[in-house]
Amino acid sequence: QAAPRHSLYRKLAFAAVMSFWGAKVAPGATAEADTSAGQLLHLSQACLDPAAASGASSIVYVEQNGTSFAIAVLKEGGQECCALDLFIDLKEAKLKVEGKAAVHLTGYFESDDMDEDKDEDEAPAKAKASPKVEAKSSPKAVVKATPNASPKVEAKKVEAKKVEEEDDEDEEEEEEEGEESEE
């Protein structure tokens with residue numbers, strides 16, 4: 001089955017709005033990037049400069065609202081590269097390097113409204129879904145992460161939510177069976 005033309009168009013449009021970004025950031029410096037409004041940086045990788053001295057190390061930080069967060073700790077001869085999957089608005093946050101070696105940061109810019117385009121693609125599929133399936137995707141079912149919660153705690157919350165949803169499904173089926181037997 002061939003994909004609808006609008007789907008192909010969206011994929012091409014998606015590819016057109018992404019563009020490579022890279023910066024070599026010296027120790028004590030902040031990454032510089034010219035961004036237009038509505039663009040996010042998808043930071044994909046941090047690597048020590050290949051010319052780093054033997055045993056040199058550096059830490060890459062994201063600084064936002066006056067707080068610094070270490071996102072990569074790199075050491076020559078050890079962990080020299082770190083894969084990342086971070087979306088950063090460089091109008092609100094800074095990338096900085098501390099240590100003894102320069103770091104190469106790479107990623108790509110993406111339009112901030114890409115999620116909205118995805119939602120539009122999913123809308124026709126949801127319209128075809130049965131009402132019973134729609135009820136499962138209620139806003140209550142969405143578990144939102146809090147900045148201070150650990151991944152283990154979040155995983156337990158998600159698992160508890162799944163069990164609760166399964167219980168709700170069982171109750172709905174029992175109610176439907178009861179209604180059918182009364183008729």
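Moving on to the nonpolar core. One finds W21, A46, L95, V103 and L105 to be the most contacted residues of the largest nonpolar core, which totals 24 residues. In terms of residue count, the dominant contributor to this core is strand 2 (residues 39-48) (4 residues). If near-sequence neighbours (up to four positions away) are discounted, L95 is found in contact with W21, A29, T30, A31, L41, L43, Y61, V62, I71, I88, L90 and L105.

This brings us to the pattern of salt bridges. Applying the stated criterion across every chain yields a total of 2 salt bridges. Measuring nitrogen to oxygen at the nearest pair gives 2.9 Å for the salt bridge that ties K24 to D49. In this pair, K24 sits in strand 1 (residues 19-25) while D49 sits in the loop between strand 2 and strand 3 (57-64), placing the two residues 25 residues apart along the sequence. The salt bridge involving K96 is made with E63; its shortest N-O contact spans 2.9 Å. Of this pair, K96 sits in strand 6 (residues 93-99) while E63 is found in strand 3, placing the two residues 33 residues apart along the sequence. Using a relative accessible area of 25% as the deciding quantity, one classes E63 as partly exposed.

Attention now goes to the state of the cysteines. Tallying each qualifying case throughout the model produces 1 disulfide. A disulfide bridge connects C47 with C81, and the sulfur atoms are separated by 1.9 Å. Handedness of the C47-C81 disulfide follows from its S-S torsion of about 50°: it is right-handed. Here C81 lies in strand 5 (residues 81-88) and C47 lies in strand 2, a separation of 34 residues in the sequence. By relative accessible area, which is 13% here, C47 ends up buried. Just so you know, C82 is unpaired, no disulfide at all, and the nearest cysteine sulfur is the one on C81, 8.1 Å from it. What makes C82 buried here is its relative accessible area of 16%.

Let's shift gears to the packing of aromatic side chains. For the coordinates displayed, the defined rule picks out 1 aromatic pair. Residues W21 and F109 carry aromatic rings whose centres are separated by 6.4 Å and whose planes lie at 75° to one another, so their mutual orientation is edge-to-face. Of the two residues, W21 sits in strand 1 while F109 sits in strand 7 (residues 103-111), which places them 88 residues apart along the sequence. With a relative accessible area of 7%, W21 lands in the buried category.

As summarised here, the arrangement of the 4 strands in space is 1-7-2-5, forming an open sheet in which the pairing is antiparallel. Here the strands that pair on one side only, and so sit at the sheet edges, are strand 1 and strand 5. Taking each pair of neighbouring strands and ignoring which way they run, the sheet shows an average axis angle of 20°. Sheet topology note: the strand 2/strand 5 ladder contains 6 bridges and is antiparallel. Note that in strand 5 the partner of L43 across the bridge is L86.

Strand order in the open sheet formed by 3 strands is 4-3-6, with antiparallel pairing between adjacent strands. The open sheet is flanked by strand 4 (67-75) and strand 6, the only strands paired with a single partner. The average undirected angle you get between the axes of adjacent strands in this sheet is 25°.

In this section: the confidence of the model for the chain. Per-residue confidence for the chain gives a mean pLDDT of 74, with 52% of residues at or over 70. The secondary-structure element of the chain with the lowest mean pLDDT is helix 3 (residues 131-136), recorded at 43, while strand 4 shows the highest, at 97. Below pLDDT 50 for its whole length, residues 7-16 participates in 5 contacts with residues either more than four positions away or in separate chains. Under a pLDDT of 50 for its full length, residues 125-150 has, in the predicted model, 19 contacts with residues more than four places off or in other chains.

Our next topic: unusual backbone geometry. Positive phi, normally seen in glycine, also occurs at N65, with a value near 50°. Note that N65 resides in the loop between strand 3 and strand 4. For N65, a relative accessible area of 74% corresponds to the exposed category.

Conventions we followed
Residues numbered from 1 in each chain as written. Predicted model: local features only at pLDDT ≥ 70, side-chain atom pairs only at ≥ 80, totals over all residues. Heavy atoms only, no water. Core = buried A, V, L, I, M, F, W, Y, C linked by side-chain atoms within 4.5 Å. Buried < 20%, exposed > 50% of the residue type's maximum accessible area, 1.4 Å probe, protein only. Helix = DSSP H or I, 4+ residues; strand = E, 2+ residues; numbered from the N terminus. Contact = heavy atoms within 4.5 Å. Salt bridge = Lys/Arg side-chain N within 4 Å of Asp/Glu carboxyl O. Disulfide = S-S within 2.5 Å. Phe/Tyr/Trp six-rings, centres within 6.5 Å; stacked < 30°, edge-to-face > 60°. Pairing = 2+ DSSP bridges. Axes fitted to C-alpha atoms, helices over the stretch in contact; angles between N-to-C directions. pLDDT = per-residue confidence, 0-100.

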